[in-house]
Amino acid sequence: MEEFSEDTIKAGLETQIIGRKIYIYNKTSSTNDIALSLAERHNTEGVVILAEGQTKGRGRLGRTWFSLPQKCILCSIILKSNMLSERLNLLTIGASVAISKAIRNTTFLPAYIKWPNDVIIRGKKTCGILVEKRKTKTGFIVMGFGINVNLDEEDFPRDLYGKATSLKMECAKKVSRVELVQKVLFEIEKVYLYLKKGEGSLLFEEWKEMSSILGKQVKAILQNEVVEGQAVGIDPDGALILRLDSGISRRITEGTIEYAFCC
Ligand code: BTN
């Protein structure tokens, strides 16, 4: 059984900031909660929290996040940038590009991004991202993500059947969590340093290449309405741009995207 340890992860980690300190928990409430509570301590930029289990793992829009010990990556990273703390959607886009790239490089699987925070393989979700900040204006941001690495089909609860998948299920062999987490942290650091400098154009190009919805007719399920249109791009803040049938463009900052036509 491949265990996480700070030493093993650091041994093959090619980063400068992210992963300078790695805390590993057997079980915790949520790695994002731990990261949010540690963030304001001295010198925490780049600190990584990993856990084998979460009692209150959470996703976007108040959803819970399912995981099993030894089979997933549950990770949160503390980042610091006043500018980026006002642009959490952009960081979510950055994380989705970085994680998709790391998955592609490690497994050669066709990982794609479903705006805003899902990494999908052959139409099923394999990773979710949750970027949060403290309510007080500190400039600290927590980038949390969960990747289904070595789960088998029967491990998933019934309500996720047909919607979620794991890397092992898709490539029919076990994937090294240590190697994958090293690659993910490396790709996230590249994107983070790039965005911190205020540069985004390369990221947008990469997002376009890996987007599963670009150019497609989609429905955006928002809090009080459902809007339908063609996904034509993202703006500099990471909001999704839909071109409605009326020809008007609509900027979507949160919600869930579904394909308008399904097979
Ligand atoms: C989503 O798809 O809605 C986002 C899921 C994010 C899950 C990860 S697991 C590690 C970190 N800790 C949490 O409680 N959530 C994120």
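Structural data are supplied above this passage.
Reading guide: rules and limits
Residues numbered from 1 in each chain as written. Predicted model: local features only at pLDDT ≥ 70, side-chain atom pairs only at ≥ 80, totals over all residues. Heavy atoms only, no water. Near = heavy atom within 4 Å. Polar contact = N/O pair within 3.5 Å; in protein donor to acceptor, adjacent residues only side chain to side chain. Areas by Shrake-Rupley, 256 points an atom, 1.4 Å probe, with all protein chains shown as cover. 1 Å grid on protein atoms, 1.4 Å probe; cavity = no way out; pocket = protein on both sides within 12 Å on 5 of 7 lines; lining within 4 Å. Sits in = over half its atoms within 2 Å of the grid points. Helix = DSSP H or I, 4+ residues; strand = E, 2+ residues; numbered from the N terminus. Nonpolar A, V, L, I, M, F, W, Y, C, P; charged D, E, K, R; others polar. Buried < 20%, exposed > 50% of the residue type's maximum accessible area, 1.4 Å probe, protein only. Lys, Arg positive; Asp, Glu negative; His and termini not counted. Salt bridge = Lys/Arg side-chain N within 4 Å of Asp/Glu carboxyl O. Contact = heavy atoms within 4.5 Å. Core = buried A, V, L, I, M, F, W, Y, C linked by side-chain atoms within 4.5 Å. Phe/Tyr/Trp six-rings, centres within 6.5 Å; stacked < 30°, edge-to-face > 60°. Lys NZ or Arg CZ within 6 Å of the ring centre and 35° of its normal.

Student: Mind showing me how you'd approach the site of the ligand here?
Tutor: In the neighbourhood of the ligand, 19 residues make up the surrounding shell, with Ser-30, Gln-54, Arg-58, Arg-60 and Lys-125 lying closest. Contacts to the ligand include Ser-30, whose side-chain N or O atom sits 2.8 Å from an oxygen atom. Here an oxygen atom of the ligand sits 2.6 Å away from a polar atom, N or O, in the main chain of Arg-60. Taken by itself the ligand offers 420 Å² of open surface, and the protein chains cover 99% of this. Spatially, the ligand is embedded in the largest pocket. The element that contributes the greatest number of residues to the shell around the ligand is strand β6 (residues 124-133), accounting for four residues. Split into classes, the residues belonging to the shell around the ligand amount to six nonpolar, ten polar and three charged.

Student: Please explain the side chain of Glu-189 as it appears in this structure.
Tutor: Turning to its location among the elements, Glu-189 is positioned in helix α5 (residues 177-196). Despite its burial, Glu-189 remains without a salt bridge, the nearest opposite charge being carried by Arg-20 at 7.6 Å. In this structure Glu-189 touches Thr-15, Gln-16, Ile-17 and Ile-18, once residues within four positions along its chain are discounted.

Student: Sorry if this is basic, but what is going on with the nonpolar core here?
Tutor: In globular proteins that are soluble, nonpolar side chains generally tend to be buried together. Ranked by internal contacts, the top residues of the largest apolar core, which has 63 residues, are Ile-73, Ile-99, Phe-145, Ile-147 and Leu-240. Counting residues per element, this core draws most heavily on α5, at ten residues. Once residues lying within four places of it in the same chain are set aside, the contact partners of Phe-145 are Ile-73, Leu-74, Cys-75, Ile-77, Ile-99, Cys-127, Gly-128, Ile-129, Val-184 and Ile-188. Formed by ten residues, the second largest nonpolar core is a distinct cluster that contains Ile-34, Leu-36, Phe-140 and Val-142.

Student: Sorry, what's going on with the packing of aromatic side chains here?
Tutor: Each aromatic ring pair is specified by the distance between its two centres and by the angle formed by the two planes. Under the counting rule described, the total for this entry stands at one aromatic pair. Here the basic side chain of Lys-80 rests over the ring of Phe-140, its NZ or CZ set 4.4 Å away from the ring centre. When the ring centre of Phe-4 is taken as reference, the NZ or CZ atom of Arg-177 above it lies at 4.1 Å.

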